[in-house]
Amino acid sequence: MAGVKSHGSATADGSGEKSFSPSRSLAVFLCLFPVVYCLAIMAYALLNFSEYGADVPRFVRYIAAPGLIAAAFMLCALLLPPRKGANVGLGASAVLIALLIVETILNARMVISMLSLASMLGAGPTESEEIARGRDGIPPTYTSKNLSSEMEVETLEQALLGGIPGEEVLLCSQEGAPLYYTADRYGFNNDDAVHDAPLDIVVVGDSFVEGYCLDRPDTFVGKMRDLRPRTASIGMRGGGPLYELALIGRYGQEFQPDWVVMAFFAGNDWENLQREAATPWLAEALTANPQYGPTRPTSQQVELAGSVIDGLWAKDISARDVFAKSSFVRNIVALNQIWGLVGLDYPKVSHDQPIYGDILARAKAMTESWGGKFVLVYIPQEVRYRGWLDKSFLYDDVRSDVLNAAAAHDVEVVDLTEVFAEAENPRALFASDGHFSPAGSAVAARALDARISALEN
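The rules behind each value
- Residue indices follow the written sequence of each chain, beginning from 1 at its first position.
- Residues qualify for local features only when their pLDDT is at least 70, as the model is predicted, and side-chain atom pairs are given and counted only at 80 or more; totals for whole chains, interfaces and linings, by contrast, use all residues.
- By convention in this description, side-chain values take in all heavy atoms of the structure and omit both hydrogens and water.
- Only DSSP runs of H or I covering at least 4 residues are called helices, and only runs of E covering at least 2 are called strands; the numbering of each starts at the N terminus.
- A simple rule labels every residue: compare its accessible area, found with a 1.4 Å probe on the protein chains alone, to the largest value its type can have, and call it buried under 20%, exposed over 50%, or partly exposed in between.
- When checking whether two residues touch, look at their non-hydrogen atoms; a contact exists if any pair is within 4.5 Å.
- Salt bridge, as applied in this entry: a Lys or Arg side-chain nitrogen positioned within 4 Å of an Asp or Glu carboxyl oxygen.
- Paired strands are those between which DSSP finds at least two bridges.
- To get an axis, fit a line to the C-alpha atoms, keeping to the stretch in contact for a helix; angles then go from 0 to 180 degrees between the N-to-C directions.
- For each structure, a 1 Å grid was placed over the protein atoms alone; sets of points admitting a 1.4 Å probe that cannot get out are labelled cavities, open sets with protein on both sides within 12 Å along at least five of seven lines are labelled pockets, and lining residues have an atom within 4 Å of a point.
- Grid points are joined across faces, edges and corners, and a volume is the space filled by probe spheres set on the points.
- The nonpolar class holds Ala, Val, Leu, Ile, Met, Phe, Trp, Tyr, Cys and Pro. Asp, Glu, Lys and Arg form the charged class, and all remaining residues, Gly among them, are polar.
- Working definition: a disulfide is two cysteine sulfur atoms within 2.5 Å of each other.
- What we call a nonpolar core is a set of buried Ala, Val, Leu, Ile, Met, Phe, Trp, Tyr and Cys residues that are connected through their side-chain atoms within 4.5 Å.
- Here the angle decides the label: under 35 degrees means roughly parallel, over 145 means roughly antiparallel, 65 to 115 means roughly perpendicular, and every other value means oblique.

Asks: Help me understand the overall build of the chain, please; the structure alone is not making it clear to me.
Replies: Along the backbone of the chain there are 19 helices and 7 strands. Evaluated residue by residue, the chain yields a buried proportion of 48% over its 457 residues. Sequence-distant contacts, at least 24 apart, represent 77% of the contacts inside the chain between residues at least 6 apart.

Take a look at the structure:
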């Protein structure tokens, strides 16, 4: 009809059918999702600059790169022809959504395990034997440091550094099945009979030494016992260097083993030390004449601890609590697992902690006071060995600080970083939760035994 103009465009075959032509505003809208995502990553890093932007690699990874990518998408939306800009935005959004879905699936296993543990806590009925077991020990989501804080201890002497002697402890949920151990006479994960004769080696550390989610024979200390039967653990989950110094001060003085082995885990011990140094009763461990307290808790301590433990078990932990504790949402948004596969999951910036050298010096001096020898075991993180890109240099900040502090005080070190790197598949030495697998426990034990043997000759 004369005078009517078509706002469409002819197709390539000349049929005259109209084709969709996206507008500039649609191109901008479709590019906004990846733009906002990148800007959110950059904003989080800027708000936590000391951890994610204070050195060149993290600044580039968490601030500069996301900012440039966001700018590139906006330029595509504004400068490219609308159709091309819309296609870029649509494609990027589809890829990002797919990655977020995959990340959710990858994180689900950890959350399911935590939910399995949480289901065993709370004030509900405990008639079944499986649920009732372990309720006289510290719940798996708490530590002895938590217990002492809940007991409102004011001095190191009052603190309960181990678990409850002789009680059954729920350690974790392994593939949905609970795993228990019975604490020895001092509250640690040992067969009590190991204390019937003098000890050759005492190993102090965190959950790696307690033996998280492993049957006792498969733990690091269990594998050491295969090589040196008179070996005992005084490791507790959540422990850091200052807490471990207190353990040596309390139990080492009584056991007086030939060797004291302190394990340092690169994953969280540096952060744990920051928190421990700010805890008044733990800070006493570095004072001139600390009173470490008795190796066996008094009846009053056991009674108070039992009351607190009952209260901890009675606390209902909701699914929301589990998701919050696992940083589920943050990990998904950050694509933590996926970047790990690539090799771009950079750790936080580490900061100097001169107090660590003081801890090593005190631990070594105490050990030598009864004629023993002190050895440090450095345990790397599983993520160090994960990913297509080599990011190991980013984990060497803490490692260098630890090794330099050890060298300054002439402390012998077994660096498992190099030992594990020589394995055909270093990641097989770790379980899915980041702790040792049975194979990792065996490799670590052999490395420690070899160093001790060399020092004995």
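Having seen the structure, we can now continue with the description.
Asks: What's the story with the pattern of salt bridges in this structure? I'm lost.
Replies: Two side chains carrying opposite charge are able to pair once their charged atoms lie near each other. Tallied over the entire structure, the rule returns 20 salt bridges. Between Asp 192 and Arg 185 there is a salt bridge; the shortest N-O distance is 2.9 Å. On the accessibility criterion, Arg 185 (23% relative accessible area) is partly exposed. A salt bridge links Arg 228 to Asp 449, with the shortest nitrogen-to-oxygen separation between them at 2.6 Å.

Asks: I would appreciate a short explanation of the sheet that holds strand S7 (residues 412-415) in the present structure.
Replies: Sheets are built from strands paired through backbone hydrogen bonds, the pairs being either parallel or antiparallel. Ordered in space as S4-S3-S5-S6-S7, the 5 strands form an open sheet in which the pairing is parallel. What marks the edges here is a single partner per strand, and that holds for strand S4 (231-233) and S7. Sheet twist, expressed as the average angle between the axes of neighbouring strands with direction ignored, equals 25°. Inspection of the sheet shows strand S6 (residues 373-379) paired to S7 by 4 bridges, in the parallel sense. What sits directly across from Val 377, in S7, is Val 414. Across the sheet, helix H8 (residues 220-227) touches strand S3 (201-204) and S4, and the angle it forms with S4 is around 170°.

Asks: I tried to follow empty space enclosed by the protein on my own but got confused; where do I start?
Replies: In this approach the atoms are scanned with a rolling probe the size of a water molecule, which exposes any empty space left behind. Summed over all chains, the structure comprises 3 cavities of 30 Å³ or more. One number sums up the size of the largest cavity: a volume of about 40 Å³. Ser 207, Phe 208, Gly 211, Tyr 212, Leu 214, Thr 219, Phe 220, His 435, Phe 436 and Ser 441 together form the lining of the largest cavity. Of the residues belonging to the lining of the largest cavity, the class tally is 5 nonpolar, 5 polar and no charged.

Asks: Any chance you could explain the environment of Val 308 here in plain terms?
Replies: Note on placement: Val 308 falls in helix H12 (residues 299-314). Residue classification places Val 308 among the buried positions, given a relative accessible area of 14%. Taking the C-alpha atoms as reference, Val 308 lies 7.2 Å from Leu 147; in sequence the two are 161 residues apart.

Asks: How should I be thinking about the state of the cysteines in this particular structure?
Replies: By definition, a disulfide is the covalent link that joins the sulfur atoms of two cysteine residues. Taken as a whole and judged by the stated rule, the model has 1 disulfide. Linked covalently through their sulfurs, Cys 172 and Cys 213 form a disulfide whose S-S length is 2.0 Å. Taking the torsion about the sulfur-sulfur bond, which here is approximately 95°, the covalent link between Cys 172 and Cys 213 counts as right-handed. Placement of the pair is Cys 172 in strand S1 (residues 168-174) and Cys 213 in the loop between helix H7 (207-210) and H8, with a sequence separation of 41 residues. This pair shows no difference in class: Cys 172 is buried, exactly as Cys 213 is. Distance from the sulfur of Cys 31, which forms no disulfide, to the nearest cysteine sulfur (Cys 76) is 6.3 Å. When its relative accessible area of 0% is taken as the criterion, Cys 31 is described as buried. According to the relative accessible area criterion, Cys 76 is partly exposed, its value standing at 21%.

Asks: Explain the nonpolar core to me, please; I cannot follow it from the model alone.
Replies: Across soluble globular proteins, nonpolar side chains show a tendency to be buried alongside one another. If you look at the biggest cluster of nonpolar residues, it comprises 59 residues, and the most contacted ones within it are Leu 161, Met 262, Tyr 356, Leu 360 and Leu 376. Looking at this core element by element, the count peaks at 8 residues for helix H9 (residues 241-255). Apart from residues no more than four positions distant in its own chain, Leu 161 is found in contact with Ser 144, Leu 156, Met 236, Tyr 243, Ala 246, Leu 247, Arg 250, Tyr 251 and Trp 281. Listed in part, the 27 residues of the second largest apolar core include Val 203, Phe 208, Ala 263 and Ala 447.

Asks: Looking at this structure, I do not really get the packing of H9 against helix H16 (residues 355-369). What am I missing?
Replies: Two measures define how a pair of helices packs: the angle their axes make with one another and the distance between the axes. Two elements in contact, H9 and H16, have axes separated by 10 Å at closest approach and are oriented at 10°. With respect to each other, H9 and H16 are oriented roughly parallel. Contact with H9, carried on its side by Pro 241, Leu 242, Leu 245, Ile 248, Gly 249 and Gln 253, involves Tyr 356, Ile 359, Arg 362, Ala 363, Met 366 and Ser 369 of H16 and no other residues of that element.

Asks: How should I be thinking about unusual backbone geometry in this particular structure?
Replies: Residues other than glycine predominantly adopt negative phi, and peptide bonds predominantly adopt the trans conformation. Its identity as a non-glycine residue notwithstanding, Glu 152 has a phi of 60°, on the positive side. Note on placement: Glu 152 falls in the loop between helix H6 (144-150) and S1. A positive phi is found at Cys 213, a non-glycine position, where the angle reads about 60°. Classification of Cys 213 as buried rests on a relative accessible area of 10%.

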